[in-house]
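These are the residues of each chain, in order.
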Amino acid sequence: MTLPLPAGSRTTTRLITAATLLFVASEPAPAVTGPAGPESGRCSSAAHSRPAEELTRAITRVVSERHSTVAVAVEDPGTGLSCAVRARERFDSASVIKVTIMGAVLRRAQDEGRALTPFEEDNLRPMIVQSDNDAATALWRDLGRARLAEFLRLSGMADTVLAEGDRWGRTQITAGDEMKQLAVFAAPGPVLTPEHRAFGLDLMNQVEEDQAWGAPLGAPDGTTVHVKNGWAPRERHAWHVHSLGIFTDPGEPYRIAILTRDNPSEEYGIDTVQAVAQVVHAARVAAASR
């Protein structure tokens, strides 16, 4: 099933033309900047240096036009394109922590050599597909910190700090760690079996349409989308709005993690995320066509 592009009153479809992406290639790409000051991160690709430089410029332009603080991580094995912008800066997780909870539940079942229990299945689906908070709390409590921490360790997510108590949305995450987490589901590896990876991807492919905004915007036709978003108002740093995406097409899956804070509203944060997503997808298409 291929998810439709987001539509409706909850999403802002800010269109960025291809011209936004294309800059004078002979000029060095600037560092990405934002409200928190300069950022040395940029995009690179050994095989496609020009699209990578263009993407650095495009992200710089998008971020400079927003009030948000933005972190971006991109990995595209097919073109070699990767980005790491503020990749180790921590953000409140909001609901993207639900992917971690899902991963820990799947790993526990795998370790115990059993199928998912009715309790696990009954909570995993609404937690991911509908972003149900009660389901997330039930699984968070059932797992306990040790199981959650073990999944982080196995996934190499050393910069993630689990929240205390039931305040799972206050877990501190980074774009770099979220990229590692997405890799657990996107590619074969030692953390999850193919069956468990497929289960998680299937749920992320069924996210309700009004929550399928963010990283999918601008994905090429024919791409299958797996997404999980998070959004929460905070007393400091205003709205946190995040989007994680895994994208599969005839080539190798590619991954995008976009974390934002300091958004004056949820809609503003969605617009920020989608502006970044569009230029990333455009750069990926440009690299793949060269």
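Just so you know, these numbers come straight off a predicted model, no measurement behind them. (Residues numbered from 1 in each chain as written. Predicted model: local features only at pLDDT ≥ 70, side-chain atom pairs only at ≥ 80, totals over all residues. Heavy atoms only, no water.)

Enquirer: Tell me about helix H8 (residues 266–288), and name the residues and values.
Expert: Taking 1.5 Å per residue as the helical rise, H8 with its 23 residues ought to reach 33 Å, and the 33 Å between its terminal C-alpha atoms agrees with that figure. A large share of H8 lies buried, amounting to 19 of its 23 residues. (Helix = DSSP H or I, 4+ residues; strand = E, 2+ residues; numbered from the N terminus. Expected span 1.5 Å × (residues − 1). Buried < 20%, exposed > 50% of the residue type's maximum accessible area, 1.4 Å probe, protein only.)

Enquirer: Quick one: what's the story with the state of the cysteines, residue by residue and with numbers?
Expert: All chains considered together, the criterion is met by one disulfide. Here Cys-43 connects covalently by a disulfide to Cys-83, the sulfurs 2.1 Å from one another. Torsion about the S-S bond of the Cys-43 and Cys-83 cystine: about 110 degrees, corresponding to right-handed handedness. One end of the pair, Cys-43, is in strand E3 (residues 43–44); the other, Cys-83, is in strand E5 (residues 81–85), and 40 residues separate them in sequence. You can call Cys-43 buried: its relative accessible area is 2%. For Cys-83, a relative accessible area of 4% translates into the label buried. (Disulfide = S-S within 2.5 Å.)

Enquirer: Before we move on, can you summarise the side chain of Ser-243 with the specific residues and values?
Expert: The topology assignment puts Ser-243 in strand E9 (residues 239–248). Judged by its relative accessible area of 0%, Ser-243 falls in the buried class. From its side chain, Ser-243 meets the backbone nitrogen of Ala-215 in a polar contact 2.8 Å long. Within the structure, the side chain of Ser-243 is placed 2.5 Å from the side chain of Asn-229, a separation counted as a polar contact. The contact partners of Ser-243, leaving out residues within four places of it in the chain, are Trp-213, Gly-214, Ala-215, Pro-216, Val-227, Lys-228, Asn-229, Ile-256, Ala-257, Ile-258 and Val-273. (Polar contact = N/O pair within 3.5 Å; in protein donor to acceptor, adjacent residues only side chain to side chain. Contact = heavy atoms within 4.5 Å.)

Enquirer: Could you give me a rundown of the confidence of the model for the protein chain, with the residues and numbers involved?
Expert: Of all residues in the protein chain, 86% attain a pLDDT of 70 or more, and the chain-wide mean is 88. Per-residue pLDDT stays below 50 along residues 1–28; that stretch engages in 72 contacts with residues further than four places along the chain or on separate chains. Low confidence marks residues 33–40, where pLDDT is under 50. Its contacts with residues over four positions away, or in another chain, come to 18 contacts. (pLDDT = per-residue confidence, 0-100.)

Enquirer: Give a detailed account of the sheet that holds E5, specifying residues and quantitative values.
Expert: Taken in spatial order, the six strands of this open sheet run E3-E5-E4-E10-E9-E8, and their pairing is antiparallel. A single partner strand is all that each edge strand has here, and the edge strands are E3 and strand E8 (224–233). Across seven bridges, strand E4 (residues 69–76) lies against strand E10 (residues 254–263) in antiparallel orientation. Opposite Glu-75, over in E10, you have Arg-255 as the bridge partner. Lying on the sheet, helix H7 (residues 194–205) is in contact with E8 and E9; it crosses E8 at an angle near 70 degrees. (Pairing = 2+ DSSP bridges. Axes fitted to C-alpha atoms, helices over the stretch in contact; angles between N-to-C directions.)

Enquirer: Lay out the side chain of His-281 with the relevant residues and their values.
Expert: Positionally, His-281 belongs in helix H8. Of the polar contacts made by the side chain of His-281, one reaches the backbone oxygen of Ala-215; its length is 2.7 Å. If we ignore the near neighbours within four places in the chain, the residues touching His-281 are Ala-215, Pro-216, Leu-217, Gly-218, Ala-219, Pro-220, Phe-247, Tyr-254 and Ile-256.

Enquirer: Explain the environment of Val-99 residue by residue, including any values.
Expert: Assignment of secondary structure puts Val-99 in helix H3 (residues 97–111). For Val-99, a relative accessible area of 0% gives the class buried. Excluding anything up to four places from it in sequence, Val-99 contacts Ile-128, Gln-181, Phe-185, Met-204, Lys-228 and Leu-244.

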